[in-house]
Amino acid sequence: MANRNTDRISLLMNRRNGTFAAPLAFAAGDSPETVGVADVNGDGVDDVLVVNKTARTLSVLLNTAGRQTATLGSGQNLTGINFGNRQFQAPA
């Protein structure tokens, strides 16, 4: 989930027993608004994509042991993510 006031996102990992682990917080860009999940680097595991409204950037958090983060700049105001056949739209 996006936490716009802290510029972070929180992930709740499924424990596979009907419960979730405590939230894990990760830094995103300025005013994260939309969060999507897709395998960006083709390694077979889902990564996290975040649209940062105020910063006008897209953050890509790769699902690796090192939890690497790369932020890619954009020349326009992003309102959603289209990735393959998945679409993640910012709320109106």
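Details of the structure are given in the entry above.
No experiment lies behind these values; they were computed from the predicted model shown. (Residues numbered from 1 in each chain as written. Predicted model: local features only at pLDDT ≥ 70, side-chain atom pairs only at ≥ 80, totals over all residues. Heavy atoms only, no water.)

Student: Sorry, what's going on with the sheet that holds strand 3 (residues 24-27) here?
Tutor: Adjacent strands of a sheet form backbone hydrogen bonds with each other and so pair up, either parallel or antiparallel. Ordered in space as 1-2-3, the 3 strands form an open sheet in which the pairing is antiparallel. Two strands close off the open sheet at either side, each with one partner strand: strand 1 (2-3) and strand 3. Sheet topology places strand 2 (residues 8-11) next to strand 3; 4 bridges connect them, and they run antiparallel. Note that in strand 3 the partner of Ser10 across the bridge is Ala25. (Pairing = 2+ DSSP bridges. Helix = DSSP H or I, 4+ residues; strand = E, 2+ residues; numbered from the N terminus.)

Student: For this particular structure, what's the right way to read the pattern of salt bridges?
Tutor: It is possible for side chains of opposite charge to pair when their charged atoms get near one another. Tallying each qualifying case throughout the model produces 2 salt bridges. Ionic pairing is found between Glu33 and Arg4, a salt bridge with its closest N-O pair at 3.6 Å. Taken together, the positions of Glu33 in strand 4 (residues 32-38) and Arg4 in the loop between strand 1 and strand 2 put the pair 29 residues apart, joining distant regions of the chain. Exposure remark for Arg4: the relative accessible area of 42% places this residue in the partly exposed category. Glu33 is the salt-bridge partner of Lys53, the closest N and O atoms lying 3.9 Å from each other. Of this pair, Lys53 sits in the loop between strand 5 (47-52) and strand 6 (57-61) while Glu33 sits in strand 4; the two residues are 20 residues apart in sequence, bridging distant segments of the chain. Beyond isolated ion pairs, a larger network of salt bridges with shared partners links Arg4, Glu33 and Lys53. (Salt bridge = Lys/Arg side-chain N within 4 Å of Asp/Glu carboxyl O. Buried < 20%, exposed > 50% of the residue type's maximum accessible area, 1.4 Å probe, protein only.)

These results come straight from atomic positions and should not be treated as a statement about function.
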